[in-house]
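Listed below, chain by chain, are the residues.
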Amino acid sequence: MLIDLYKRHLYVRIWLAVVGGVVILTLTANWIVREAAESERERMSAVPREVVVLDKDDRRIGVGSAVRVPGQGLEFDVTLEDGRALSLRVAPRARPTGTSGIAAWRTPFGLGWMVALVGVAVALGVYPIVRGLTKRLEALQRGVQRWGEGDLSVRVVEDGEDEVADLSKRFNAAAARIEELVRSHKSLLANASHELRSPLARIRMGLELMSDRPSPTAREEIARNIAELDQLIDEILLASRLDAKEADMGTVETVDLTGLAAEECARVEAELDVAEDASSDALTVRGVPRLLRRAIRNLLENARRYGAGEISVELDARGGRAEIRVSDRGPGVPAALRERIFEPFYRLPGASERNGGVGLGLALVKSITERHGGSVRCEDRPGGGASFVIALPN
């Protein structure tokens, strides 16, 4: 548990480093003081001290001196009033078991200087630890500064498992997301400018070829181009709003997918099939009705444009998710391109502007489903064709 806290929390490391330094300094200073006091006591004990011998009535009957003999204890030399000389020796005090005999440590600098030198040694020992911790913060600071100056490709090193490493991971994830959004917007603008030129050029050419009395065919062509231009602008704006996570896309309501799919199938005369074991509650989701309708409509339009013949829609519930499967009998989608078809402005090889659409329909379907916490995928349809499956959480 302690090792896990040490690895994951930077403040624990700094705290332990500081506490360890203080403890070492305190213990060392205490040892120096104790040894210095012991040395001073032994030095003073070597100086002879006067000893007075008294009788039971507190009358002096003799005098002498006491000295400490190294290794033998205290020795008292006393001369009584009657001239007799006595010697008394006291054995040294026994050391407690388990202690080592540390010799007196005498230093020419003094106690204050020795404590200061130990403090400097501890500070030098703690510095590499603290420096190693803060060095990663400085690297993160430099990375954020470069990223803020416009270099969106900057990433910082993710080293360790503590707060600094977690912050580095979050910064890299945010930087990658923003870089992807900026790249997506640049691509969107570049492709939009190209796609907008086509209907505008056709409208301009139609106006130049029109006479005072334009034919119905010319009127119809201009109207079709204007409708295409209007649809393109609408899809570009919707794609931009879906990319902005903070944008308000509408009121979230309880949506009955069965009714929604039935209305869209009736519009294009597609066949609707609801699984028998799927209850109405399982086919009810929380979402924005306008966006979910747009996703189903885009899949139906895509099937009508590129498919051949019958279009079918199946509703089912699996694993706590409602599924909408739109199938066509077209040529299908190669396995290697089933992810790319959901990219903005991407068309399959061989597709042209005459088929209609600009390559934003499936990209909008993906953005809408992901905005609702779901997913979309493309599969082969048994018997030929392609199936697009939207999975939404209940």
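Cut-offs applied
- Residues numbered from 1 in each chain as written.
- Predicted model: local features only at pLDDT ≥ 70, side-chain atom pairs only at ≥ 80, totals over all residues.
- Heavy atoms only, no water.
- Helix = DSSP H or I, 4+ residues; strand = E, 2+ residues; numbered from the N terminus.
- Buried < 20%, exposed > 50% of the residue type's maximum accessible area, 1.4 Å probe, protein only.
- Contact = heavy atoms within 4.5 Å.
- Areas by Shrake-Rupley, 256 points an atom, 1.4 Å probe, with all protein chains shown as cover.
- Axes fitted to C-alpha atoms, helices over the stretch in contact; angles between N-to-C directions.
- Left-handed = near helix turned anticlockwise from the far one by under 90°.
- Nonpolar A, V, L, I, M, F, W, Y, C, P; charged D, E, K, R; others polar.
- Salt bridge = Lys/Arg side-chain N within 4 Å of Asp/Glu carboxyl O.

## Looking at the overall build of the chain
Thought 1: The helix and strand tally for the chain stands at 8 helices and 11 strands.
Thought 2: Scored against the burial criterion, the 394 residues of the chain give a buried share of 32%.
Thought 3: Contacts in the chain between residues at least 24 apart in sequence constitute 59% of all its contacts with a sequence separation of at least 6.
Thought 4: Element-wise, carbon and sulfur atoms account for 57% of the exposed surface of the chain, whose accessible area totals about 24,900 Å².

## A closer look at the packing of helix α7 (residues 289-306) against helix α8 (residues 361-371)
Thought 1: Where α7 meets α8, the closest approach of the two axes is 9 Å, and the angle between their N-to-C directions is 145°. In this structure, the crossing between α7 and α8 has a hand that is left-handed. Every residue of α8 that contacts α7 at Leu-291, Leu-292, Arg-294, Ala-295, Asn-298, Leu-299 and Asn-302 is listed here: Gly-361, Leu-362, Leu-364, Val-365 and Ile-368.
Thought 2: The residue makeup of the contact of α7 with α8, split by class, is 8 nonpolar, 3 polar and 1 charged.

## Focus on the pattern of salt bridges
Side chains that differ in sign of charge can pair as their charged atoms come close.
Thought 1: Following the criterion strictly, the structure yields 21 salt bridges and no others.
Thought 2: Residue Arg-318 pairs with Asp-316 through a salt bridge whose shortest N-O separation is 3.2 Å.
Thought 3: Given the relative accessible area of 46%, Arg-318 is considered partly exposed.
Thought 4: Judged by relative accessible area, which is 16%, Asp-316 ranks as buried.
Thought 5: Residue Arg-377 is joined to Glu-323 by a salt bridge in which the shortest nitrogen-to-oxygen separation is 3.9 Å. One end of the pair, Arg-377, is in strand β10 (residues 375-380); the other, Glu-323, is in strand β9 (residues 321-327), with 54 residues separating them in the sequence.
Thought 6: Of the residues examined, Arg-377 reaches a relative accessible area of 31% and is grouped as partly exposed.

## Some words on the environment of Ile-24
Thought 1: Mapped onto the elements of the fold, Ile-24 is located in helix α2 (residues 10-45).
Thought 2: What makes Ile-24 partly exposed here is its relative accessible area of 48%.
Thought 3: Between the alpha carbons of Ile-24 and Gly-119 there is a distance of 9.0 Å; along the sequence they are 95 residues apart.

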